[in-house]
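Fold and geometry: a report
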Amino acid sequence: MTRTRRPFATRGGPLLLFWCAAPAAAQLRPLEPTSLRALVPTVSITAELGASRLDGQRASLAGTEGALTEVGNFALTWRTGRVALEVAGTAQRLFRERTSFAAADPQVLPSADGRRHDMGDLRIGTTLRLTPDDARLTGLLRFGTRLPTTDNTTGLDRDATDFYLTLGTITRRGALVLGAEAGIGINGTREPRFEQDDLLLYAVRAEFTRGMFTPGVTVLGQMHGGEHPPIRAAEDLGEVRAGVRVGGRRWVRLEAVRGFTPFSPSGGIRLSAGVER
């Protein structure tokens, strides 16, 4: 079955993490963007927990398309001075196959009942503020890894490690907050001719606070270079998220998701709750 889509539009510890980061494998979901509140001077700790339901999601290695449920999407961020340390990931992914679009990778086992489940990725990252605390335009350097927590045979992801590095900026104009970042993801592959593939990572975000309500929109994804066609399990990803956050130091966020690349979900929702201190 073929599906078409519309075309796209301080010191020490953090540095050690950067230099120890290994080359990577592509992931089922795009890299989550930098939190717009990661380096707010009045916030030291941010914790978030949620879930998502995504329809029309392709599992490249399994060669199937279906509904993906993510349970236990979490993120814990601790800021000290100009540095924010993050541990984040997904506890469990549940996938129900609906259609097949390609033969499965040789290492992937068939599913008798059309259901697959696996752990999601685990991310460990660092964000550095490059500008003074009172600067109107905040410059950020972000780097980290996605650790191998998945099973090769499930077909949802790969047992390999990602490395990512992005540069970004956040600016505040009254109630409006804008953020953008771009960088590189170094991805290992199962293609013998290409032992790794370098992808462009990007994210653009906007939020506007009105009392207890903060509507926002995010565009994020990854793109391969033009030297060769997309490599399996390292395809382009891209999606738009629009939703609203309700609350202050304790909050709930609901977002609608719409993908604009063939290997992103056709639609879905994300629900999360969090606290700041």
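Look up: the structure comes first, before these words.
Residues numbered from 1 in each chain as written. Predicted model: local features only at pLDDT ≥ 70, side-chain atom pairs only at ≥ 80, totals over all residues. Heavy atoms only, no water.

Right, let's get into the overall build of the chain. A tally of helices and strands in the chain yields one helix and 14 strands. Relative to its full complement of 277 residues, the chain shows a buried share of 49%. Here the chain displays about 13,300 Å² of accessible surface, and carbon together with sulfur accounts for 63% of that area. (Helix = DSSP H or I, 4+ residues; strand = E, 2+ residues; numbered from the N terminus. Buried < 20%, exposed > 50% of the residue type's maximum accessible area, 1.4 Å probe, protein only. Areas by Shrake-Rupley, 256 points an atom, 1.4 Å probe, with all protein chains shown as cover.)

Our next topic: the packing of aromatic side chains. Per the stated rule, a full pass over the model turns up one aromatic pair. Considering the side-chain rings of phenylalanine 101 and phenylalanine 263, the 5.7 Å spacing of their centres and the 80° angle between planes classify their relative orientation as edge-to-face. Residue phenylalanine 101 is found in the loop between strand 4 (83-100) and strand 5 (115-118), and its partner phenylalanine 263 is found in the loop between strand 13 (250-259) and strand 14 (267-276); the two are separated by 162 residues along the sequence. With a relative accessible area of 15%, phenylalanine 263 lands in the buried category. The ring of phenylalanine 101 is capped by arginine 58, whose NZ or CZ atom sits 4.3 Å from the centre of that ring. (Phe/Tyr/Trp six-rings, centres within 6.5 Å; stacked < 30°, edge-to-face > 60°. Lys NZ or Arg CZ within 6 Å of the ring centre and 35° of its normal.)

Here we take up the nonpolar core. Ranked by size, the top nonpolar core spans 11 residues in total: Leu28, Leu54, Ala59, Leu61, Ala62, Leu68, Phe95, Val108, Leu156, Ala233 and Val257. In contact with leucine 54, not counting residues within four places along its chain, are Arg29, Gly66, Ala67, Leu68, Glu70, Val257, Pro265, Gly267 and Gly268. Counting residues in each nonpolar core, the second largest holds seven residues, with Ala84, Leu140, Ile170 and Val177 among its members. (Core = buried A, V, L, I, M, F, W, Y, C linked by side-chain atoms within 4.5 Å. Contact = heavy atoms within 4.5 Å.)

Counted as a void, the largest cavity has a volume near 680 Å³. The wall of the largest cavity is formed by 42 residues, among which Glu32, Pro33, Glu48, Ala75 and Arg270 lie closest to the centre. By residue class, the composition of the lining of the largest cavity is 12 nonpolar, 11 polar and 19 charged. (1 Å grid on protein atoms, 1.4 Å probe; cavity = no way out; pocket = protein on both sides within 12 Å on 5 of 7 lines; lining within 4 Å. Points joined across faces, edges and corners; volume = space filled by probe spheres on them. Nonpolar A, V, L, I, M, F, W, Y, C, P; charged D, E, K, R; others polar.)

Of note, threonine 131 is situated in the loop between strand 6 (122-129) and strand 7 (137-147). Apart from residues no more than four positions distant in its own chain, threonine 131 is found in contact with Arg82, Leu137, Thr138 and Gly139.

With that settled, consider the pairing of strand 13. Side chains of strand 13 alternate between two faces, with Trp251, Arg253, Glu255, Val257 and Gly259 buried and Arg250, Val252, Leu254, Ala256 and Arg258 left unburied. Pairing of strand 12 (residues 237-247) with strand 13, which is carried by nine bridges, proceeds in the antiparallel orientation. Considered in strand 13, the bridge of alanine 242 is made with alanine 256. Two elements, strand 13 and strand 14, share eight bridges in a ladder whose sense is antiparallel. Across the sheet, the residue bridging to valine 257 is glycine 268, located in strand 14. (Pairing = 2+ DSSP bridges.)

Attention now moves to the pattern of salt bridges. Summed over all chains, the structure comprises 21 salt bridges. Residue arginine 129 is joined to aspartate 133 by a salt bridge in which the shortest nitrogen-to-oxygen separation is 3.3 Å. When its relative accessible area of 7% is taken as the criterion, arginine 129 is described as buried. Overlapping salt bridges, with partners in common, bring together Arg29, Glu32, Glu70, Arg93, Asp121, Arg123, Arg146, Asp162, Glu239, Arg241, Glu255 and Arg270 in one network. (Salt bridge = Lys/Arg side-chain N within 4 Å of Asp/Glu carboxyl O.)

Before going further, it helps to spend a moment on a nonpolar patch on the surface. A surface patch of nonpolar side chains, amounting to about 420 Å² of accessible area, comprises Ile45, Leu76, Trp78, Leu85 and Val87. Taken together, the elements giving at least two residues each to the nonpolar patch come down to strand 3 (64-80) and strand 4. By the element assignment, isoleucine 45 lies in strand 2 (residues 45-59). A relative accessible area of 37% means that isoleucine 45 is categorised as partly exposed. (Patch = residues over 30% accessible without salt bridge, like charges linked within 9 Å, V, L, I, M, F, W, Y side chains within 5 Å.)

This brings us to the layout of surface pockets. The rolling of a water-molecule-sized probe over the atoms marks out the regions of remaining empty space. Empty space within the largest pocket amounts to approximately 240 Å³. Around the largest pocket, the lining comprises 14 residues; the ones closest to its centre are Arg37, Glu207, Thr209, Thr214 and Arg245. Each residue belonging to the lining of the largest pocket can be placed in one class, and the counts come to three nonpolar, five polar and six charged. The space that makes up the second largest pocket amounts to roughly 200 Å³. Around the second largest pocket sit 17 residues that line it, and Arg129, Asp133, Ala135, Thr138 and Arg172 are the ones nearest its centre. Listed by contribution, the elements that provide at least two residues to the lining of the second largest pocket are strand 7 and strand 8 (162-173). Considering every element that reaches the lining of the second largest pocket, the biggest residue donor is strand 8, with three residues. Classifying every residue of the lining of the second largest pocket gives eight nonpolar, three polar and six charged.

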